[in-house]
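Next come the chains, spelled out residue by residue.
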Amino acid sequence: MALMDEINEANDNLSESDLRARLAQTKRQRQAADQQNSVLLDRIAELERALDLVDQAAGAQLEPPKWLTGKPSSRKKHATLALLLSDTHFDEVVDPTEVGGLNAYNRRIAELRLKAWTENAVKMARHYLTGVSFDGAGGKLGGDSFSGDIHEELAQTNEDTSLGSLLHWSEQIAASLTVFADEFGKVHVPCVPGNHGRMSRKPRMKLRAKTNFDWLLGKMVERYFASDKRLTFQISENADTLVKIYDHGHLLTHGDQVSGGGGIGGIWPPIMRMKARKAQRAMEVGTPFQTMWIGHWHQYISTPGMIVNGSTKGLDEYAWINNFGFEVPQQALAVVTPEHNITFQAPVFCQDRKKEQW
């Protein structure tokens, strides 16, 4: 029997309702097949477009803009090397056994660190910063050159008296400044007093600078270079001094005019309050500054508007007992350009344990 005859015979045996149900099922199956076919056709079209984009990308010729392949300019940029020397605490003695073996300090080590600071500052300027023509250098003296004898324990353990230290270290500072003058031609030396070099037990408001060995150190070094026109001095008779580098104002102060510095905020809240007050007063009297340089805190921190200096002394017994953080001896360096003020900042490391032999 033919196939169609069999189908017709089977359909003859179905009722009308069964036939309608079968017809509805067949229509649904067809609709589903049509939908699936449509989805497949869309997917094929999508894949064809993707393959076409891949073919176009693979055949594209990339042409980098010229600034990616250009050569640096051969013209040298003018700048001034800005250095800060502070918190050297010359002739203080730090015993390694009292600070967990993390540091040692005495006159011999201090001389090595001052020499290393001088040599490394020149090395950074000449070898790490190529393409810069230096107009000169600024060797800021930021205070606390000496630990002094304001505390009984310092008077008992320092290697020399304050006057003996002053005589010895004025010669060492002069040697360092001579190197900078030989290297950079011109050197400007601003100087402010710290808190350790004072001659009175309590900090003074009146005659603050002239009763401080930092001021006298600056004056002695200035007198030594009286006939050398390469060096100029700006020795402040108050706690601050404003230095102009090109058209940019740089305020130098020791940083001891604040108190606090504990808690979660650390040293920032008191320092920022001091800076804000100084900036407001400077604006009021027409002597604004863009950068503030401070020492005192023995922590090297550089920001766009403020530089906090480290210490050449390093960790001492006071810091150890008070559980202060550890920092290797270092000092602040910056490159100032006419166009952008400070364009480069870095620490100058001063310690060489192999040479110091401890």
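Note on numbering: residues in each chain are counted from 1, in written sequence order. Two thresholds apply to this predicted model, a pLDDT of at least 70 for residue-level local features and 80 or more for giving and counting side-chain atom pairs, whereas whole-chain, interface and lining totals are computed over all residues. Hydrogen atoms and water are omitted, and side-chain values are computed over all heavy atoms in the structure.

Student: Please explain the pairing of strand E1 (residues 77–85) as it appears in this structure.
Tutor: Along any regular strand, the residues point their side chains to alternate faces of the sheet. To sort residues, take the accessible area from a 1.4 Å probe on protein chains only and compare it with the maximum for the residue type: under 20% means buried, over 50% means exposed, and anything in between is partly exposed. Numbered from the N terminus, helices here are DSSP runs of H or I no shorter than four residues, and strands are runs of E no shorter than two. Across the nine residues of E1, seven count as buried, placing the element largely inside the fold. In this analysis, strands are considered paired if DSSP registers two or more bridges between them. Examined bridge by bridge, E1 and strand E2 (residues 132–141) share nine bridges and lie parallel to one another. If you follow histidine 78 over to E2, its bridge partner there is serine 133. Running through helix H4 (residues 107–128), the crossover from E1 to the neighbouring parallel element E2 is right-handed. Of the strand pairs in this sheet, E1 and strand E10 (residues 330–337) are connected by four bridges, and their pairing is antiparallel. Within the sheet, the bridge partner assigned to leucine 83 lies in E10 and is leucine 333. Throughout, right-handed denotes a crossover for which the path from the first strand over the helix to the second runs clockwise when the strands point away from the viewer.

Student: What's the story with the sheet that holds E10 in this structure? I'm lost.
Tutor: For sheets, the rule is that strands pair by backbone hydrogen bonds, running either parallel or antiparallel. A sheet is described by the order of its strands in space; here six strands give the open sequence E4-E3-E2-E1-E10-E11, paired in mixed fashion. Sheet topology places strand E4 (231–235) and strand E11 (341–349) at the edges, where each strand pairs with a single neighbour. For this sheet the average axis-to-axis angle between neighbouring strands, irrespective of direction, equals 20 degrees. Here E10 pairs with E11 via eight bridges, running antiparallel. The residue bridging valine 335 from the neighbouring strand is phenylalanine 344, located in E11. Here the axes come from fitting lines to C-alpha atoms, over the contacting stretch only for helices, and the angles between their N-to-C directions go from 0 to 180 degrees.

Student: Looking at this model, I keep getting lost on unusual backbone geometry. Mind explaining?
Tutor: A negative phi angle characterises most non-glycine residues, just as the trans form characterises most peptide bonds. One non-glycine residue, leucine 207, lies in positive phi territory at about 55 degrees. Of note, leucine 207 is situated in the loop between strand E3 (187–191) and helix H7 (213–224). Look at leucine 207 and you get exposed, because its relative accessible area is 52%.

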